[in-house]
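Chain by chain, the residues:
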Amino acid sequence: MEGSYISDVRQALATFQLPWQQLSGSNILVLGATGLIGGALVDLLMQHDGGDYHVYAAGRNEARANKRFAHYQGDEHYHFICFDVTNPLATDIRFDYIVDAAGGACPQLYQQDPVGVMKSNIFGVDNLLRFGLQHGLRKMVYVSSGEVYGEGDGRVFTEDYSGYVNPTTVRACYPSAKRAAETLCVCYAHQYGVDVSIARPSHVYGPYFTESDNRVYAQFIRNVLRGEDIVLKSKGEAFRSWTYVVDCAVALLFILLKGENGEAYNIANEESNVSIRTLAENVAQLAGKQVVFDIPQDANHGNTTPITKAVFATQKLEQLGWKPLTLLKEGLSHTIQSLQ
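Keep in mind it's a predicted model, so treat the numbers as computed, not measured.

Quick notes on the rules
Residues numbered from 1 in each chain as written. Predicted model: local features only at pLDDT ≥ 70, side-chain atom pairs only at ≥ 80, totals over all residues. Heavy atoms only, no water. Axes fitted to C-alpha atoms, helices over the stretch in contact; angles between N-to-C directions. Helix = DSSP H or I, 4+ residues; strand = E, 2+ residues; numbered from the N terminus. Parallel < 35°, antiparallel > 145°, perpendicular 65-115°, else oblique. Left-handed = near helix turned anticlockwise from the far one by under 90°. Contact = heavy atoms within 4.5 Å. Nonpolar A, V, L, I, M, F, W, Y, C, P; charged D, E, K, R; others polar. Expected span 1.5 Å × (residues − 1). Buried < 20%, exposed > 50% of the residue type's maximum accessible area, 1.4 Å probe, protein only. Phe/Tyr/Trp six-rings, centres within 6.5 Å; stacked < 30°, edge-to-face > 60°.

1. As for the packing of helix H5 (residues 114-134) against helix H6 (residues 173-192)
The geometry of H5 relative to H6 is characterised by a closest axis approach of 8 Å and an angle of 15° between their N-to-C directions. Viewed along their axes, H5 and H6 adopt a mutual orientation that is roughly parallel. Our pair here, H5 against H6, has a crossing hand that is right-handed. Residues Pro 114, Val 117, Met 118, Asn 121, Ile 122, Val 125, Asp 126, Leu 129, Arg 130 and Leu 133 of H5 lie in contact with H6, whose contacting residues are Cys 173, Tyr 174, Ser 176, Ala 177, Lys 178, Ala 180, Ala 181, Leu 184, Cys 185, Tyr 188 and Tyr 192. For the contact of H5 with H6, the residue count by class is 16 nonpolar, two polar and three charged.

2. Here's the deal with helix H9 (residues 276-287)
Here H9 contains 12 residues, and its C-alpha end-to-end distance of 17 Å stays within 8% of the 16 Å for a straight helix at 1.5 Å per residue. Turning to H9, its buried residues are Ile 276, Leu 279, Ala 280, Asn 282, Val 283 and Ala 284. Of the residues flanking the end of H9, it is Gly 288, one or two places downstream, whose phi is positive at about 70°.

3. As for the packing of aromatic side chains
Using the criterion set out here, one finds 20 aromatic pairs in the structure. Judged by centre distance (5.2 Å) and plane angle (80°), the rings of Tyr 56 and Phe 95 are edge-to-face. Within this pair, whereas Tyr 56 is found in strand S2 (residues 54-59), its partner Phe 95 is found in the loop between strand S3 (78-82) and strand S4 (97-100), the two being separated by 39 residues in sequence. Each member of the pair, Tyr 56 as well as Phe 95, is classed as buried. Ring centres 5.1 Å apart and planes at 25° place the aromatic pair Tyr 110 and Tyr 174 in the stacked group. One end of the pair, Tyr 110, is in helix H4 (residues 109-112); the other, Tyr 174, is in helix H6, with 64 residues separating them in the sequence.

Everything listed here is a matter of geometry and, on its own, says nothing about what the molecule does.
Written as C-alpha cells, this is what we have:
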C-alpha cells in the first residue's frame, strides 16, 4: 500500500500531536468505511504506529471493503462489519467511539433513492446513539455536510449561520436530512448526556471514490484517466471550498478527540476555494488534457445543486490545533497518481 496518498497519510500522522492515549484499549467504529472520507479515517487509525485499539470498519459492501482494506487483512486490530446504518446495530461489542460517515453523498442517489438518503442520516444517527447509550459510548462524531447552509447569501459560512433550503424539492433530501440529523445529535446530547460532535466537511476529493460516485471531481478524474478532455455542461461558475480527503480525515480525529459536546465544526481548506471551471482546468492540466464546453439550451440538469457559492470559515476547527496540509493542485496530482 504505497504511493503518494499513503505518504500523505503518514505525513499527517507525523505532523500532528494528537492525544492518542484517549483511544488506548478502545473499540472504534467507522461507518461508511468504504466511502471516501470513512476510508481515509480507517487508514489514519491503522497507519498510526503503536495504536493499541481496535478499528471496526462498517459498510454495506464486504467485497469493496476487502479490496479497499486488503492491506489490513490479518491485522488483529482491524475488523469489518457488514452493516446498513438504517437498521439497528445488533452486536455485543462495546464501541467506545463512533464516527458516522455514512449518509449517501452521491448526487445520483438524490434522484434514485431520496428516501434512502434521508433514512441513512436520520435513522442512522438514532440507531447509533441509542446503541451507544446502552453500551457505554464515550463519544460520537456525526459527519454532516456544508450543504446544511443551503443556498447562502454570498457570505462565508460560519457554524452559526443557516441559509435557505426549499424542503419541498427532492434535491432537498440531502441537506434536509443532514440538518435533521444534526438537530437529533444535539437533542441526544441535551436529553441523555451523550457526547457527540458534528463535522461539516466542504467538498472533499481524493482517491478511492466509488465507481458510482458522480460528483464533479470524480467525473473529471475519470475523464482524464480515460484519455479524454473534460466536457463542462455549464460555465462552471459555482464557487466551492475544497478539501483533500486526508486533511478531512485528520480533522475528524481532532473533532473526535478534542471537539466540544454539541458543537459543529467546518472542515475546509481556505487556500483551495475555486470555481468548478478552475477545478476542471487544474485536473485537465495535470493530465495534459483540455476543458471544453458543451452547454445545453436547457439549464435545468435535475441533480444540480442550487448553491452557487459555498465557502467555509475554519477558525473554530483551527482552534483545536488542526490545519490543512495539502493544496488543491498537489492533492489532485496525488489523487490522479494513486489511481493510475
